[in-house]
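Structure assessment
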Amino acid sequence: MSQKIDTVVFPVAGMGTRFLPATKAVPKEMLPVVDKPLIQWAVEEAAAAGCTRFVFVTSPEKGAIMSHFGDAPHYQEMLEARGKTRELALLKAGLPKNAEIFETYQDAPLGLGHAIWCAREATGDKPFAVILPDDMVQHQTGCLAQMAAHYETVGGNLVAVENVPSEETYRYGVLNPGAETDDLVEVKGLVEKPAPEDAPSTLAIIGRYILDAKIMDTLSAFKKGAGGEIQITDAMAELIGHVPMHGFRFAGTRYDCGNRDGFLEANLAFALAQGGDELKQRLRQLLD
Ligand code: UTP
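Right, let's talk about unusual backbone geometry for a bit. Geometrically, the link from leucine 20 to proline 21 is a cis peptide bond, its omega value of 5° lying close to zero. Tracing the sequence through the fold places proline 21 in the loop between β1 (7-11) and β2 (32-33). The backbone of lysine 193 sits at a positive phi, close to 50°, despite the residue not being glycine. Residue placement: lysine 193 occurs in the loop between β10 (184-192) and β11 (203-211).

Below, the structure is given as C-alpha coordinates:
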(Lines give C-alpha, C1' and ligand atoms only; values in the text may rest on other atoms or scores of the structure.)
Protein backbone atom coordinates (compact mmCIF):
# COMPACT_ATOMS: atom_id res chain seq x y z
CA MET A 1 0.00 0.00 0.00
CA SER A 2 2.67 2.49 1.00
CA GLN A 3 6.16 3.41 -0.07
CA LYS A 4 9.51 4.21 1.48
CA ILE A 5 9.87 7.84 2.53
CA ASP A 6 13.02 9.25 0.99
CA THR A 7 12.07 12.95 0.75
CA VAL A 8 11.79 15.34 3.67
CA VAL A 9 10.64 18.96 3.52
CA PHE A 10 11.84 21.58 6.00
CA PRO A 11 9.59 24.66 5.92
CA VAL A 12 11.94 27.31 7.28
CA ALA A 13 10.60 30.54 5.75
CA GLY A 14 8.57 31.71 8.78
CA MET A 15 9.14 35.02 10.59
CA GLY A 16 9.93 33.70 14.06
CA THR A 17 8.15 36.63 15.71
CA ARG A 18 7.62 34.79 19.02
CA PHE A 19 11.36 34.75 19.54
CA LEU A 20 12.30 38.35 18.77
CA PRO A 21 14.76 39.96 19.12
CA ALA A 22 16.88 36.77 18.86
CA THR A 23 15.40 36.06 15.41
CA LYS A 24 15.85 39.53 13.93
CA ALA A 25 19.15 38.74 12.15
CA VAL A 26 19.55 35.04 13.00
CA PRO A 27 16.92 32.63 11.59
CA LYS A 28 15.04 30.79 14.35
CA GLU A 29 16.13 27.49 12.80
CA MET A 30 19.80 28.49 13.31
CA LEU A 31 19.47 28.92 17.09
CA PRO A 32 21.58 26.23 18.75
CA VAL A 33 20.37 23.57 21.12
CA VAL A 34 23.55 22.68 23.00
CA ASP A 35 26.06 22.65 20.11
CA LYS A 36 23.98 22.28 16.93
CA PRO A 37 21.43 24.57 15.26
CA LEU A 38 17.82 23.40 15.31
CA ILE A 39 17.90 22.75 11.55
CA GLN A 40 20.84 20.37 11.95
CA TRP A 41 19.02 18.34 14.60
CA ALA A 42 16.10 18.12 12.16
CA VAL A 43 18.32 17.02 9.26
CA GLU A 44 19.95 14.34 11.43
CA GLU A 45 16.54 13.07 12.53
CA ALA A 46 15.47 12.78 8.87
CA ALA A 47 18.71 11.05 7.86
CA ALA A 48 18.25 8.57 10.73
CA ALA A 49 14.76 7.83 9.36
CA GLY A 50 16.27 6.94 5.97
CA CYS A 51 15.65 10.18 4.07
CA THR A 52 18.14 11.04 1.33
CA ARG A 53 16.35 13.97 -0.40
CA PHE A 54 16.28 17.15 1.69
CA VAL A 55 14.06 20.03 0.57
CA PHE A 56 14.48 23.42 2.24
CA VAL A 57 11.65 25.92 1.76
CA THR A 58 13.39 29.10 2.78
CA SER A 59 13.41 32.84 2.12
CA PRO A 60 16.07 35.22 0.79
CA GLU A 61 16.41 36.81 4.26
CA LYS A 62 17.39 33.47 5.83
CA GLY A 63 20.53 32.68 3.82
CA ALA A 64 22.38 31.40 6.90
CA ILE A 65 20.40 28.15 6.75
CA MET A 66 21.70 27.05 3.35
CA SER A 67 25.18 28.39 4.17
CA HIS A 68 25.21 26.00 7.11
CA PHE A 69 24.87 23.04 4.74
CA GLY A 70 27.19 24.41 2.04
CA ASP A 71 30.96 24.13 1.69
CA ALA A 72 33.14 26.30 3.91
CA PRO A 73 36.49 26.32 2.05
CA HIS A 74 38.11 28.90 4.35
CA TYR A 75 37.37 26.77 7.40
CA GLN A 76 38.26 23.54 5.65
CA GLU A 77 41.70 24.70 4.48
CA MET A 78 42.55 26.13 7.87
CA LEU A 79 41.45 23.01 9.76
CA GLU A 80 43.27 20.69 7.32
CA ALA A 81 46.45 22.73 7.67
CA ARG A 82 46.19 22.42 11.47
CA GLY A 83 45.38 18.71 11.35
CA LYS A 84 42.06 19.20 13.21
CA THR A 85 40.26 16.06 11.98
CA ARG A 86 37.50 16.08 14.62
CA GLU A 87 36.53 19.66 13.74
CA LEU A 88 36.70 18.86 10.01
CA ALA A 89 34.12 16.10 10.51
CA LEU A 90 31.85 18.62 12.28
CA LEU A 91 31.77 20.82 9.15
CA LYS A 92 29.64 18.18 7.38
CA ALA A 93 26.60 19.39 9.34
CA GLY A 94 24.83 16.04 9.61
CA LEU A 95 24.05 15.39 5.93
CA PRO A 96 24.46 11.80 4.76
CA LYS A 97 26.96 11.13 1.93
CA ASN A 98 24.26 10.33 -0.65
CA ALA A 99 22.16 13.42 0.21
CA GLU A 100 20.36 15.34 -2.54
CA ILE A 101 19.65 18.94 -1.54
CA PHE A 102 16.87 21.12 -2.93
CA GLU A 103 16.30 24.78 -2.08
CA THR A 104 13.17 26.68 -2.93
CA TYR A 105 11.86 30.07 -1.83
CA GLN A 106 8.54 30.93 -0.28
CA ASP A 107 8.13 34.52 -1.47
CA ALA A 108 5.99 35.54 1.52
CA PRO A 109 5.14 33.73 4.77
CA LEU A 110 1.56 32.87 3.77
CA GLY A 111 1.34 29.90 6.12
CA LEU A 112 2.70 26.40 6.66
CA GLY A 113 0.41 24.88 4.01
CA HIS A 114 1.71 27.34 1.44
CA ALA A 115 5.34 26.65 2.45
CA ILE A 116 4.80 22.91 1.93
CA TRP A 117 3.14 23.57 -1.44
CA CYS A 118 6.31 25.44 -2.50
CA ALA A 119 8.17 22.07 -2.32
CA ARG A 120 5.88 20.34 -4.85
CA GLU A 121 8.44 20.04 -7.67
CA ALA A 122 10.89 18.19 -5.45
CA THR A 123 8.31 15.95 -3.77
CA GLY A 124 6.65 14.79 -7.04
CA ASP A 125 4.10 11.99 -6.86
CA LYS A 126 5.42 10.14 -3.79
CA PRO A 127 4.57 10.51 -0.11
CA PHE A 128 7.03 12.74 1.77
CA ALA A 129 7.92 13.76 5.31
CA VAL A 130 7.76 17.24 6.82
CA ILE A 131 9.76 18.29 9.87
CA LEU A 132 9.28 21.63 11.62
CA PRO A 133 12.73 22.15 13.12
CA ASP A 134 11.45 24.24 16.02
CA ASP A 135 9.66 21.19 17.45
CA MET A 136 12.28 18.89 18.97
CA VAL A 137 11.57 15.38 20.25
CA GLN A 138 14.01 13.71 22.60
CA HIS A 139 14.09 9.93 22.36
CA GLN A 140 16.63 7.27 21.45
CA THR A 141 14.66 6.57 18.24
CA GLY A 142 13.92 9.76 16.31
CA CYS A 143 10.27 10.75 15.99
CA LEU A 144 10.32 10.54 12.17
CA ALA A 145 11.91 7.07 12.22
CA GLN A 146 9.12 5.93 14.57
CA MET A 147 6.53 7.34 12.18
CA ALA A 148 8.17 5.89 9.06
CA ALA A 149 7.98 2.41 10.62
CA HIS A 150 4.19 2.80 11.09
CA TYR A 151 3.64 4.45 7.71
CA GLU A 152 4.36 1.11 6.07
CA THR A 153 1.01 -0.14 7.40
CA VAL A 154 -1.25 2.92 7.30
CA GLY A 155 -0.15 5.10 4.33
CA GLY A 156 -2.12 8.28 3.54
CA ASN A 157 -1.53 11.20 5.92
CA LEU A 158 0.15 10.49 9.25
CA VAL A 159 0.82 13.16 11.89
CA ALA A 160 2.64 13.03 15.22
CA VAL A 161 0.27 13.89 18.08
CA GLU A 162 0.29 14.43 21.82
CA ASN A 163 -2.18 15.57 24.42
CA VAL A 164 -1.81 19.24 25.34
CA PRO A 165 -3.39 21.18 28.22
CA SER A 166 -6.94 22.17 27.26
CA GLU A 167 -6.14 25.90 27.52
CA GLU A 168 -3.46 25.53 24.81
CA THR A 169 -5.53 24.01 22.00
CA TYR A 170 -5.68 27.42 20.27
CA ARG A 171 -2.00 26.99 19.32
CA TYR A 172 -2.38 23.67 17.44
CA GLY A 173 -4.19 21.63 14.83
CA VAL A 174 -6.48 19.42 16.95
CA LEU A 175 -7.88 15.94 16.12
CA ASN A 176 -11.42 14.71 16.22
CA PRO A 177 -10.28 11.19 17.10
CA GLY A 178 -11.81 7.91 16.01
CA ALA A 179 -10.77 4.35 16.79
CA GLU A 180 -7.41 3.86 18.50
CA THR A 181 -5.08 0.85 18.15
CA ASP A 182 -1.72 0.80 19.90
CA ASP A 183 -0.14 4.18 19.12
CA LEU A 184 -2.29 4.98 16.08
CA VAL A 185 -5.44 7.09 16.27
CA GLU A 186 -7.84 7.24 13.34
CA VAL A 187 -8.66 10.85 12.45
CA LYS A 188 -12.32 11.71 11.76
CA GLY A 189 -11.81 15.45 11.53
CA LEU A 190 -9.34 18.27 12.25
CA VAL A 191 -9.66 21.83 13.53
CA GLU A 192 -6.86 24.40 13.34
CA LYS A 193 -6.27 26.51 16.45
CA PRO A 194 -9.64 25.92 18.17
CA ALA A 195 -10.59 27.76 21.35
CA PRO A 196 -10.72 25.25 24.25
CA GLU A 197 -14.55 25.21 24.18
CA ASP A 198 -14.57 24.39 20.43
CA ALA A 199 -11.77 21.80 20.47
CA PRO A 200 -12.92 18.25 19.55
CA SER A 201 -10.19 16.81 21.86
CA THR A 202 -6.85 17.80 23.38
CA LEU A 203 -4.93 15.62 20.93
CA ALA A 204 -2.72 18.10 19.06
CA ILE A 205 -0.50 17.83 15.99
CA ILE A 206 3.19 18.57 16.53
CA GLY A 207 5.80 19.33 13.87
CA ARG A 208 6.14 15.92 12.17
CA TYR A 209 4.09 14.77 9.19
CA ILE A 210 4.17 12.12 6.49
CA LEU A 211 1.90 13.31 3.69
CA ASP A 212 0.25 11.74 0.69
CA ALA A 213 1.31 13.43 -2.59
CA LYS A 214 -2.37 14.38 -3.19
CA ILE A 215 -1.98 17.08 -0.54
CA MET A 216 -0.26 19.30 -3.14
CA ASP A 217 -3.40 19.48 -5.32
CA THR A 218 -5.50 20.34 -2.28
CA LEU A 219 -3.05 23.04 -1.22
CA SER A 220 -3.01 24.56 -4.70
CA ALA A 221 -6.51 25.96 -4.05
CA PHE A 222 -4.75 28.46 -1.68
CA LYS A 223 -7.68 28.44 0.75
CA LYS A 224 -7.04 30.71 3.71
CA GLY A 225 -7.84 29.39 7.18
CA ALA A 226 -7.13 30.37 10.80
CA GLY A 227 -5.15 33.63 11.06
CA GLY A 228 -5.66 34.29 7.32
CA GLU A 229 -2.92 31.72 6.57
CA ILE A 230 -2.93 28.73 4.21
CA GLN A 231 -3.02 25.91 6.76
CA ILE A 232 -1.74 22.35 6.24
CA THR A 233 -4.37 21.18 8.76
CA ASP A 234 -7.22 22.37 6.49
CA ALA A 235 -5.73 20.57 3.47
CA MET A 236 -5.36 17.32 5.47
CA ALA A 237 -8.96 17.72 6.73
CA GLU A 238 -10.19 17.98 3.12
CA LEU A 239 -8.48 14.71 2.25
CA ILE A 240 -10.15 12.74 5.05
CA GLY A 241 -12.33 10.12 3.36
CA HIS A 242 -10.13 10.15 0.26
CA VAL A 243 -6.88 8.91 1.82
CA PRO A 244 -6.32 7.26 5.23
CA MET A 245 -5.50 9.72 8.04
CA HIS A 246 -3.98 8.79 11.40
CA GLY A 247 -2.40 10.44 14.39
CA PHE A 248 0.64 8.75 15.88
CA ARG A 249 1.37 8.94 19.61
CA PHE A 250 5.16 9.13 19.45
CA ALA A 251 7.55 8.05 22.18
CA GLY A 252 9.70 10.81 23.67
CA THR A 253 9.44 14.32 25.05
CA ARG A 254 8.65 17.25 22.79
CA TYR A 255 10.05 20.74 23.26
CA ASP A 256 8.55 23.74 21.46
CA CYS A 257 11.72 25.64 20.61
CA GLY A 258 9.76 28.37 18.80
CA ASN A 259 9.40 30.22 22.09
CA ARG A 260 11.89 31.16 24.75
CA ASP A 261 10.87 28.84 27.57
CA GLY A 262 10.55 25.74 25.39
CA PHE A 263 13.91 26.50 23.82
CA LEU A 264 15.62 26.90 27.19
CA GLU A 265 14.04 23.68 28.46
CA ALA A 266 15.27 21.81 25.36
CA ASN A 267 18.78 23.13 25.93
CA LEU A 268 18.74 21.91 29.51
CA ALA A 269 17.25 18.52 28.63
CA PHE A 270 19.71 17.83 25.82
CA ALA A 271 22.64 19.18 27.83
CA LEU A 272 21.72 16.88 30.73
CA ALA A 273 21.46 13.93 28.34
CA GLN A 274 24.84 14.60 26.74
CA GLY A 275 26.91 16.42 29.31
CA GLY A 276 29.38 14.87 31.69
CA ASP A 277 28.90 14.60 35.45
CA GLU A 278 30.58 17.92 36.10
CA LEU A 279 28.10 19.82 33.90
CA LYS A 280 25.16 17.98 35.46
CA GLN A 281 26.36 18.89 38.93
CA ARG A 282 26.76 22.56 38.01
CA LEU A 283 23.28 22.68 36.45
CA ARG A 284 21.79 21.13 39.59
CA GLN A 285 23.58 23.70 41.71
CA LEU A 286 22.13 26.49 39.58
CA LEU A 287 18.62 25.08 39.99
CA ASP A 288 19.05 24.79 43.75
P1 UTP B 1 5.61 28.81 13.16
O2 UTP B 1 4.17 28.53 13.29
O3 UTP B 1 6.46 28.61 14.37
O4 UTP B 1 5.76 30.30 12.61
O5 UTP B 1 6.17 27.96 11.96
P6 UTP B 1 7.04 31.23 12.54
O7 UTP B 1 6.72 32.32 11.57
O8 UTP B 1 8.29 30.46 12.29
O9 UTP B 1 7.18 31.80 14.02
P10 UTP B 1 6.29 32.83 14.85
O11 UTP B 1 4.96 32.15 15.10
O12 UTP B 1 6.17 34.10 14.04
O13 UTP B 1 7.08 33.04 16.10
C14 UTP B 1 6.52 26.61 12.07
C15 UTP B 1 7.51 26.29 10.97
O16 UTP B 1 6.93 26.57 9.69
C17 UTP B 1 7.73 27.48 8.97
C18 UTP B 1 8.59 28.19 10.02
O19 UTP B 1 9.82 28.66 9.47
C20 UTP B 1 8.80 27.09 11.07
O21 UTP B 1 9.89 26.26 10.73
N22 UTP B 1 6.85 28.42 8.21
C23 UTP B 1 5.78 28.98 8.81
C24 UTP B 1 7.14 28.68 6.88
O25 UTP B 1 8.13 28.16 6.32
N26 UTP B 1 6.33 29.53 6.20
C27 UTP B 1 5.23 30.12 6.75
O28 UTP B 1 4.53 30.88 6.05
C29 UTP B 1 4.95 29.83 8.09
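On to the nonpolar core, then. If you look at the biggest cluster of nonpolar residues, it comprises 33 residues, and the most contacted ones within it are Phe10, Phe56 and Leu144. Of all the elements in the fold, those that place two or more residues in this core are β1, α1 (38-48), β4 (53-58), α2 (63-69), β6 (128-131), α7 (143-154), β8 (157-163) and β11. A per-element tally of this core places α7 first, with 5 residues. Residues in contact with phenylalanine 10, not counting those within four places in the same chain, are Ile39, Ala42, Val43, Ala46, Phe54, Val55, Phe56, Val57 and Ile131.

Here we take up the pattern of salt bridges. Scanning the entire structure with this criterion turns up 19 salt bridges. Salt-bridge contacts for aspartate 135 lead to arginine 254; the nearest nitrogen and oxygen are separated by 2.8 Å. Highlighted residues: aspartate 135 in strand β7 (residues 135-138) and arginine 254 in strand β13 (residues 253-256), separated in sequence by 119 residues. Note that glutamate 162 and arginine 254 form a salt bridge whose closest N and O atoms lie 2.8 Å from each other. Of the two residues, glutamate 162 is situated in strand β8 and arginine 254 in strand β13; the sequence distance between them amounts to 92 residues. We note that glutamate 162, like arginine 254, is buried. A network of salt bridges, in which partner residues are shared, links Arg18, Lys28, Asp134, Glu168, Arg171 and Asp256.

Further remarks concern the side chain of threonine 123. Relative to the helices and strands, threonine 123 is located in helix α6 (residues 120-123). Of the residues examined, threonine 123 reaches a relative accessible area of 4% and is grouped as buried.

Next up on the list: the site of the ligand. Around the ligand sit 18 residues in total, of which Pro11, Thr17, Arg18, Lys28 and Gln106 are the nearest. Here valine 12 contributes a backbone N or O atom positioned 3.5 Å from an oxygen atom of the ligand. At 2.5 Å, a side-chain N or O of threonine 17 approaches an oxygen atom of the ligand. Across the complex, the protein chains shield 83% of the 560 Å² of accessible surface that the ligand would expose by itself. Here the shell around the ligand is composed, by residue class, of 9 nonpolar, 5 polar and 4 charged.

Moving on, we get to α7. The terminal C-alpha atoms of α7 lie 16 Å apart, and with 12 residues this matches the ideal 16 Å at 1.5 Å per residue to within 8%. Two residues or fewer after α7 comes glycine 155, characterised by a positive phi angle close to 65°.

Time to look at the packing of aromatic side chains. Under the counting rule described, the total for this entry stands at 7 aromatic pairs. Centroid distance phenylalanine 56 to phenylalanine 69: 5.2 Å. Interplanar angle 35°. Geometry classified as tilted. Of this pair, phenylalanine 56 sits in strand β4 while phenylalanine 69 sits in helix α2, placing them 13 residues apart in sequence. When sorted by exposure, phenylalanine 56 lands in the same class as phenylalanine 69, which is buried. One residue, lysine 36, lies across the ring of tryptophan 41, its end atom 4.1 Å from the ring centre. Above the ring of tryptophan 117, the side-chain terminus of arginine 120 is found at 3.6 Å from the ring centroid.

What follows covers the environment of aspartate 261. Mapped onto the elements of the fold, aspartate 261 is located in helix α10 (residues 260-274). For aspartate 261, a relative accessible area of 47% corresponds to the partly exposed category. For the pair aspartate 261 and alanine 129, spaced 132 residues apart in the sequence, the C-alpha separation amounts to 27 Å. At a separation of 3.1 Å, a polar atom in the side chain of aspartate 261 contacts the side chain of arginine 260.

How each quantity is defined
- The residue numbers shown here count from 1 along each chain, following its written sequence.
- Two thresholds apply to this predicted model, a pLDDT of at least 70 for residue-level local features and 80 or more for giving and counting side-chain atom pairs, whereas whole-chain, interface and lining totals are computed over all residues.
- Side-chain numbers here rest on the full set of heavy atoms in the structure, without hydrogens or water.
- Labels follow the DSSP assignment, with helices taken as runs of H or I lasting at least four residues and strands as runs of E lasting at least two, numbered in each case from the N terminus.
- Buried Ala, Val, Leu, Ile, Met, Phe, Trp, Tyr and Cys residues form a nonpolar core when they are joined through side-chain atoms within 4.5 Å.
- Accessibility here uses a 1.4 Å probe with only protein chains present; expressed as a share of the type maximum, an area under 20% marks a residue as buried, one over 50% as exposed, and anything in between as partly exposed.
- The contact rule is simple, with two residues in contact once any of their heavy atoms fall within 4.5 Å.
- A carboxyl oxygen of Asp or Glu within 4 Å of a side-chain nitrogen of Lys or Arg is what we treat as a salt bridge.
- Any residue with a heavy atom lying within 4 Å of a molecule or strand is counted as near it.
- Polar contact is the term for a pair of N or O atoms within 3.5 Å; when the atoms are in protein, one must be able to donate a hydrogen and the other to accept it, and sequence-neighboring residues count only if both atoms are side-chain atoms.
- Here the Shrake-Rupley method, with its probe set to 1.4 Å, supplies the accessible areas, and only the displayed protein chains count as covering residues.
- Polar here means any residue other than Ala, Val, Leu, Ile, Met, Phe, Trp, Tyr, Cys and Pro, which are nonpolar, and Asp, Glu, Lys and Arg, which are charged; Gly is therefore polar.
- The span you would expect from a helix comes to 1.5 Å times its residue count less one.
- Pairing of aromatic side chains here covers Phe, Tyr and the six-membered ring of Trp, requires ring centres within 6.5 Å, and sorts the geometry by plane angle: under 30 degrees stacked, over 60 edge-to-face, intermediate tilted.
- Only when the NZ of Lys or the CZ of Arg is both within 6 Å of the ring centre and within 35 degrees of the ring normal is a charge said to sit over the ring.

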